[in-house]
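In case you want the letters, here they are:
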Amino acid sequence: VAKYIHKLGQRKDKPFVKVNCGAIPEPLIESELFGYEHGAFTGSSKRGKLGLFELAQNGTIFLDEIGELPLNLQVKLLQAIQDKEIQKVGGIKTIKIDVRIITATNRNLKEMVSNNEFREDLYYRLNVVPIHLPPLRERPEDIIPLSRHFLKIYNSKFNVKKRMDPNTINSLMKYSWPGNVRELENIIERLVITSSYDIILPDNLPEHIIEGKKSQHLISIPNSANLKEIMDNVERQIINDAVSKHKTTRNVAKILGVSQPTIVRKMNKYNIKYSEIDEIISEKNC
């Protein structure tokens, strides 16, 4: 998403620099972000070093896992944002910077602010245009296009022409994906590498995905089905299962993250019957 924002903006021809704040050892974070001058510390390069903010000049810097940034560095990041300038480790001059800053985290920053683990002023300075990315399990409609996208990438990378059996796709749809899109990409790459035939079958899936679906009913999809037919079959099963478990369309809509009229419309489309009828009349009028 950060790369997409960068490519759509006026800075698209300028650098895009990604920084994983949780992957850099704490003693090195400041010098990595802001650079250092010659002789700043023992073992430093004689030529000094440009920081990642300087490398992103006029472009975008993406600070991933921002919640892992130590408190002392949070102060310096806030100052850089406020003043639009940085100072290298061991330096005395300030350097003007012009960068777009995008940050991401899977941690609850509001809670961290309450626990004095994240600066409140930095939180509000960064939280200008928030974008919530739901976990993959809450947007199953993305699994098929993402799978096909990654399949195309790794087919090209390994010079093969693998394709997935419809029931393999169905199994991917039923898995909860705790590792989100990264886990899905890794699984697709593994399937491309390890499957013996051009068609990737359900048996080629890792055991933890197979185990996760054993107690669930598989959707039967003919091998000749096109993408729309596959999507319709999967959507029908998801809505049918949700109706069976959660009874009312109001509850189903809340669980699946869509509007109640959308659920009613799709239930009518797939001829799915209500388990309870306490709200059918009002819903059909939506």
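It should be noted that the structure appears before, not after, this text.
Residues numbered from 1 in each chain as written. Predicted model: local features only at pLDDT ≥ 70, side-chain atom pairs only at ≥ 80, totals over all residues. Heavy atoms only, no water.

Enquirer: Quick rundown of the overall build of the protein? Include the residues and the values.
Expert: Looking only at helices and strands, the protein features 14 helices and 9 strands. Expressed as a percentage of its 286 residues, the buried residues of the protein come to 40%. The contacts of the protein with a sequence gap of at least 6 include a subset with a gap of at least 24, amounting to 67%. (Helix = DSSP H or I, 4+ residues; strand = E, 2+ residues; numbered from the N terminus. Buried < 20%, exposed > 50% of the residue type's maximum accessible area, 1.4 Å probe, protein only. Contact = heavy atoms within 4.5 Å.)

Enquirer: Describe the packing of helix H12 (residues 249–256) against helix H13 (residues 260–270), listing the residues and the values that go with them.
Expert: Orientation of H12 relative to H13, taken along the N-to-C sense of each, is 110°, at an axis distance of 8 Å. By the criterion of interaxial angle, the relationship of H12 to H13 is roughly perpendicular. For the pair H12 and H13, the contacting residues are Thr 249, Arg 250, Val 252, Ala 253 and Leu 256 in the first and Gln 260, Ile 263, Val 264 and Met 267 in the second. (Axes fitted to C-alpha atoms, helices over the stretch in contact; angles between N-to-C directions. Parallel < 35°, antiparallel > 145°, perpendicular 65-115°, else oblique.)

Enquirer: So what about unusual backbone geometry? Which residues, and what values?
Expert: In this structure, Lys 84 is a non-glycine residue whose phi angle is positive, near 55°. Relative to the assigned elements, Lys 84 resides in the loop between helix H4 (71–83) and strand E5 (85–87). For Asn 159, which is not a glycine, the phi torsion comes out positive at approximately 55°. Here Asn 159 is to be found in the loop between helix H7 (143–157) and strand E8 (163–164). According to the relative accessible area criterion, Asn 159 is exposed, its value standing at 71%.

Enquirer: Can you explain the packing of aromatic side chains? Please cite residues and give values.
Expert: For the structure shown, the criterion picks out 5 aromatic pairs. Summarising the aromatic geometry, the rings of Tyr 123 and Tyr 124 are spaced 5.0 Å apart at their centres and angled 70° between planes, so their arrangement reads as edge-to-face. We classify Tyr 123 as buried; its relative accessible area is 11%. For Tyr 124, a relative accessible area of 52% puts it in the exposed group. Aromatic pair Tyr 175 and Trp 177: ring centres 4.6 Å apart, planes at 85°, arrangement edge-to-face. In this structure Tyr 175 comes out as buried when scored by relative accessible area, which is 12%. (Phe/Tyr/Trp six-rings, centres within 6.5 Å; stacked < 30°, edge-to-face > 60°.)

Enquirer: Go over the sheet that holds strand E7 (residues 100–103) with me, naming the residues and quoting the values.
Expert: Within a sheet, neighbouring strands are paired by backbone hydrogen bonds and run either parallel or antiparallel to one another. Spatially, E1-E4-E7 is the arrangement adopted by the 3 strands of the open sheet, whose pairing is parallel. Looking at the sheet topology across the chains shown, the edges are occupied by strand E1 (16–20) and E7. Sheet twist, expressed as the average angle between the axes of neighbouring strands with direction ignored, equals 20°. Where E1 meets strand E4 (residues 60–64), 5 bridges bridge the pair, whose relative direction is parallel. Across the sheet, the residue bridging to Asn 20 is Asp 64, located in E4. (Pairing = 2+ DSSP bridges.)

Enquirer: Quick one: what's the story with the nonpolar core, residue by residue and with numbers?
Expert: Ranked by internal contacts, the top residues of the largest apolar core, which has 29 residues, are Leu 33, Phe 53, Ile 61, Ile 66 and Phe 118. Those elements that provide at least two residues to this core are E1, helix H2 (26–34), helix H3 (52–55), E4, H4, helix H5 (109–114) and helix H6 (120–126). Broken down by element, the residue count for this core peaks at 5 residues, all from H4. When near neighbours in sequence (up to four residues on either side) are disregarded, Phe 53 contacts Leu 33, Phe 34, Ile 61, Leu 77, Ile 86, Ile 97, Val 99 and Ile 101. In terms of nonpolar packing, the next biggest core, distinct from the first, is built from 22 residues, Ile 187, Ile 209, Ile 230 and Val 234 among them. (Core = buried A, V, L, I, M, F, W, Y, C linked by side-chain atoms within 4.5 Å.)

Enquirer: An account of helix H8 (residues 166–174) is needed here, citing residue identities and associated values.
Expert: Counting buried positions along H8 yields 8 of 9 residues, so the element is predominantly enclosed. By the burial criterion, the buried members of H8 are Pro 166, Thr 168, Ile 169, Asn 170, Ser 171, Leu 172, Met 173 and Lys 174. For H8, the N-terminal cap is Asp 165; the gap from its side-chain oxygen to the backbone nitrogen of Asn 167 is 2.8 Å. (Polar contact = N/O pair within 3.5 Å; in protein donor to acceptor, adjacent residues only side chain to side chain.)

Enquirer: Describe in detail the environment of Glu 183, supporting the description with residues and values.
Expert: Note that Glu 183 resides in helix H9 (residues 180–194). Using a relative accessible area of 15% as the deciding quantity, one classes Glu 183 as buried. Separated by 47 residues in sequence, Glu 183 and Leu 136 have C-alpha atoms that sit 10.0 Å apart. Apart from the residues within four sequence positions on either side, Glu 183 is in contact with Tyr 175, Trp 177, Pro 178 and His 208.

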